[in-house]
Amino acid sequence: MWIEADCNLSGPESLARQFLLGRSFFRHHFGDVDTPVLWLPDVFGYAWNLPQLIKEAGLEYFFTIKIGWSRDRLPYDSFWWQGLDGKRAHPLQHLAGLRLLCQHLQRQRLAPPGVGNME
């Protein structure tokens, strides 16, 4: 995304434009390298159609820390989020999710070995 969007107030067209602008900016400034990650660390909520928009934008994951801030924490740091149309996105949160992301990037040769090693 171009900026960290509010996913509740904006509609799907606005979010789709955020994806287009953000990915265009990334390609322009970083070359012919593409990222599989939507970076949404601190938003106030997530639209029900976000998994569909993530997949339609060509992304696989989204990274957040907001899901784990609740008193009623989710029992997992990594899981599949399925939208109403059946498309799934893989949310990652906290350090465990960041480790999974770094491993994926290393397999795709987008990050050097050792990046994301939290030990």
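Residues numbered from 1 in each chain as written. Predicted model: local features only at pLDDT ≥ 70, side-chain atom pairs only at ≥ 80, totals over all residues. Heavy atoms only, no water.

Caption draft 1: Main features of the pattern of salt bridges. Tallied over the entire structure, the rule returns four salt bridges. Residues Arg17 and Glu13 are paired through a salt bridge, measuring 2.7 Å at the closest nitrogen-oxygen approach. One end of the pair, Arg17, and the other, Glu13, are both in helix α1 (residues 12-30), four residues apart, so they sit about a helical turn from each other. As far as burial versus exposure is concerned, Arg17 and Glu13 are alike and both exposed. Several salt bridges converge on common partners, so that one network encompasses Glu56, Asp85 and Lys87. (Salt bridge = Lys/Arg side-chain N within 4 Å of Asp/Glu carboxyl O. Helix = DSSP H or I, 4+ residues; strand = E, 2+ residues; numbered from the N terminus. Buried < 20%, exposed > 50% of the residue type's maximum accessible area, 1.4 Å probe, protein only.)

Caption draft 2: Region of interest: α1. With 19 residues, α1 should reach 27 Å at 1.5 Å per residue; the first-to-last C-alpha distance of 27 Å fits that figure. The complete set of buried residues in α1 reads Leu15, Gln18, Phe19, Gly22 and Arg23. Looking straight down α1, one finds its buried side chains confined to an arc of 115°; they lie on one side. When the buried face of α1 is taken as reference, the exposed residues oriented beyond 90 degrees from it are Glu13, Arg17, Leu20 and His28. Those residues of α1 that are buried are in contact with β1 (37-39) and α2 (50-56). Two residues or fewer after α1 comes Gly31, characterised by a positive phi angle close to 85°. (Expected span 1.5 Å × (residues − 1). Arc of directions from axis to C-beta. Contact = heavy atoms within 4.5 Å.)

Caption draft 3: Quick look at the packing of aromatic side chains. The full count for this structure, using the stated rule, is five aromatic pairs. Where Phe26 meets Phe30, the ring centres are 4.8 Å apart and the plane angle is 45°; that geometry is what we call tilted. Taken as a pair, Phe26 and Phe30 lie in helix α1 at a separation of four residues, close to a single helical turn. A centroid spacing of 5.4 Å and a plane angle of 55° characterise the contact between Tyr46 and Phe62, whose relative ring orientation is tilted. Of this pair, Tyr46 sits in the loop between β1 and α2 while Phe62 sits in strand β2 (residues 61-64); the two residues are 16 residues apart in sequence, bridging distant segments of the chain. Counting every residue linked through ring pairs, the aromatic cluster contains Tyr46, Phe62 and Trp81. Against the face of Trp80 rests Arg88, its NZ or CZ located 4.3 Å from the ring centre. (Phe/Tyr/Trp six-rings, centres within 6.5 Å; stacked < 30°, edge-to-face > 60°. Lys NZ or Arg CZ within 6 Å of the ring centre and 35° of its normal.)

Caption draft 4: Looking closely at the confidence of the model for the protein chain. Overall, the prediction assigns the protein chain a mean pLDDT of 76, with 68% of residues at 70 or greater. The weakest mean pLDDT in the protein chain belongs to helix α3 (residues 94-107) at 65; the strongest belongs to α2 at 89. (pLDDT = per-residue confidence, 0-100.)

Caption draft 5: Expanded view of the nonpolar core. In terms of nonpolar packing, the biggest core is built from 15 residues, with Phe19, Leu38, Leu40, Leu50 and Ile54 touching the most fellow members. If you list the elements that add at least two residues to this core, you get α1 and α2. The greatest single-element share of this core, amounting to three residues, is contributed by α2. (Core = buried A, V, L, I, M, F, W, Y, C linked by side-chain atoms within 4.5 Å.)

Caption draft 6: Examining the pairing of β2 more closely. What you see with β2 is no split at all: Tyr61 and Phe63 on one side and Phe62 and Thr64 on the other are buried throughout. Bridge count between β1 and β2: three bridges; the pairing is parallel. Residue pairing in the sheet places Leu38 in a bridge with Phe62 of β2. Remark: the β1/α2/β2 crossover connection has right-handed handedness. (Pairing = 2+ DSSP bridges. Right-handed = clockwise from strand over helix to strand, strands pointing away.)

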